[in-house]
Amino acid sequence: MTATYPLLEAGDVLAYLRRSGLDRLLGDGPAEVRDVTGGNMNRVFVARAGGRGVAVKQAPPWVQVAGPDWPASPERIASEARAYRYLTDLVPDVVPVVHAFDAPAYTLVMEDLSDLRVLRDVFVDRVGEPGAAELGAAVGRFVGELTFATGDLGLTTTQRTELTAAAVNPDLCRLTLDVLLDEPYRPHEHNRFDPALRPDVEAMYANDELRAAVAELRYVFSTRAEALIHGDLHSGSVMVGRRDGADVVKVFDPEFSFVGPIGFDLGLWWANLAIAAAAAHAVGLDAVGAARQSGVAASWAAFERVWRTRWPSRADPAYPDGYLDHWLARIRREAVGFAGIEAVRRVAGYSHAADLTTLPDGVRAATQRRVLAAAVGWITDPIDLPAVGLETP
Ligand SMILES: Nc1ncnc2c1ncn2[C@@H]1O[C@H](COP(=O)(O)OP(=O)(O)OP(=O)(O)O)[C@@H](O)[C@H]1O
Ligand SMILES: [Mg+2]
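All values derive from a computational prediction rather than experimental measurement.

Rules and cut-offs
Residues numbered from 1 in each chain as written. Chains lettered and ligands numbered in written order. Predicted model: local features only at pLDDT ≥ 70, side-chain atom pairs only at ≥ 80, totals over all residues. Heavy atoms only, no water. Donors = N, O, S within 2.8 Å, 3.2 Å for Na, K, Ca; no water. Buried < 20%, exposed > 50% of the residue type's maximum accessible area, 1.4 Å probe, protein only. 1 Å grid on protein atoms, 1.4 Å probe; cavity = no way out; pocket = protein on both sides within 12 Å on 5 of 7 lines; lining within 4 Å. Points joined across faces, edges and corners; volume = space filled by probe spheres on them. Helix = DSSP H or I, 4+ residues; strand = E, 2+ residues; numbered from the N terminus. Domains from an automatic or database assignment. Nonpolar A, V, L, I, M, F, W, Y, C, P; charged D, E, K, R; others polar. Axes fitted to C-alpha atoms, helices over the stretch in contact; angles between N-to-C directions. Left-handed = near helix turned anticlockwise from the far one by under 90°. Contact = heavy atoms within 4.5 Å.

Engineer: Would you explain the coordination of the magnesium ion (ligand 2) in this entry?
Structural biologist: Geometry reference: four tetrahedral donors at a metal, ideal angle 109.5 degrees. Six octahedral donors, ideal angles 90 or 180 degrees. Binding of the magnesium ion (ligand 2) to the protein goes through Asp 253 (OD), Asp 253 (OD) and Glu 255 (OE), at separations of 2.0 to 2.6 Å. Here Asp 253 and Glu 255 have matching classes, each one buried.

Engineer: Sorry if this is basic, but what is going on with the layout of surface pockets here?
Structural biologist: One way to see where empty space is left: roll a probe the size of a water molecule over the atoms. As a volume, the largest pocket reaches approximately 1,300 Å³. The wall of the largest pocket is formed by 47 residues, among which Gly 38, Gly 39, Asn 40, Gly 236 and Asp 253 lie closest to the centre. Sorting the residues of the lining of the largest pocket by element identifies strand E2 (43–49), strand E3 (52–58), strand E7 (107–111), strand E8 (117–118), helix H3 (119–125), helix H6 (170–179), helix H9 (262–282) and helix H11 (323–348) as the ones contributing at least two each. Here the lining of the largest pocket takes three residues from H6, the largest share from any one element. Counting only domains with at least three residues in the lining of the largest pocket, you end up with domain 1 (10–111) and domain 2 (117–380). Along the walls of the second largest pocket sit 16 residues, with Val 168, Cys 173, Ser 222, Phe 258 and Val 259 positioned nearest its centre. Elements with a minimum of two residues in the lining of the second largest pocket: H6, helix H8 (208–223) and strand E12 (258–260). Here the lining of the second largest pocket is built from residues that sort into nine nonpolar, five polar and two charged.

Engineer: Before we go on, may I ask you to explain the packing of H8 against helix H13 (residues 361–380) in this structure?
Structural biologist: Any two packed helices are characterised by the angle at which their axes cross and by the distance between the axes. Two elements in contact, H8 and H13, have axes whose closest approach is 9 Å; the angle formed by their N-to-C orientations is 60 degrees. In this structure, H8 crosses over H13, and the sense of that crossing is left-handed. Only Val 376, Ile 379 and Thr 380 of H13 make contact with H8, whose side of the interface consists of Glu 209, Leu 210, Ala 213, Val 214 and Leu 217. Looking at the contact of H8 with H13 residue by residue, the class counts come to six nonpolar, one polar and one charged.

Set out below in structure tokens:
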């Protein structure tokens, strides 16, 4: 297949910015453009001149790493732009500034975040990161504000139904259903795992209780049109750093966004923190591990705080006060289950966690085994916040 709109290469970006009137966002002097495409799906460039810059992200009509043989609707970038529109009002400090969305070119021009680091890379370094609790709190507030404002409590029935219809994202929901909520639980050509884990993985394939619980979460993902969610909230979708002497947390890449289950965002986030904590403990960095793990409780606390604060202003007063506790307990249970789903695919699915794959030979397989065992428990028995635990394998 070929694209029906011009696809940007690094050499086109400055002309594109000039044509769009966005070169005013650059400073004076010679400009440079870097191709920073790092993910699987899209093209990303950073243009800078005179100490000022922008990031330009374009969705091709296929999966970028695979090419035209794997078509994927470029409408995903409209989903990203829609999520940013809400988030810019709700949590402007936790998302990049969006300068422009060019719908016909499937291109988003946003704040250059190159001074920050992708959290996954920071985790891989295993040197500890600034303020893990602050990190957890920022992401919990992100999920809390987004989901209250765009769900049944923040919107009228008409507004919510319109948003649900406008925000459909069938291609990327399909990808999640396949890659997270199906393939890792049966033999599939996409699945990869350390050969030492084969008995554990085969036991998982044969675990009927697990497969029933996964089916339930798959159904929740498909049918619970609860609020606008990020949809891909792992540590590769968060950047961290410091600006003006303060910790900065930015959540980016909400291209999987749709009106779905609130627990999905929390669960993905928790799994990534618990995995990063397990990786730190595996190499004896117990304080770093504990700090990372503390982000799980901190993000739940921040999420709950937003909901308790906003609840009295809910759009639909037919929900009695007493319902909130019941509601929070359900979200938390589903989130723990989705944390298990995310952790399983990071060990035995298609896309692994670099914090685990980069562990030294002596501890790598054992740590992955512990993550997998913990994850199965989160799915089948979601009673507490997810932690891999420190017991020896
Ligand atoms: N605003 C930005 N400023 C600077 N660099 C950025 C910015 N946005 C993205 N990047 C860089 O580009 C990489 C890919 O970005 P992003 O995750 O948005 O793309 P993607 O193609 O959707 O990735 P994935 O396949 O993981 O979903 C990031 O990991 C980061 O290194
Ligand atoms: Mg992406």
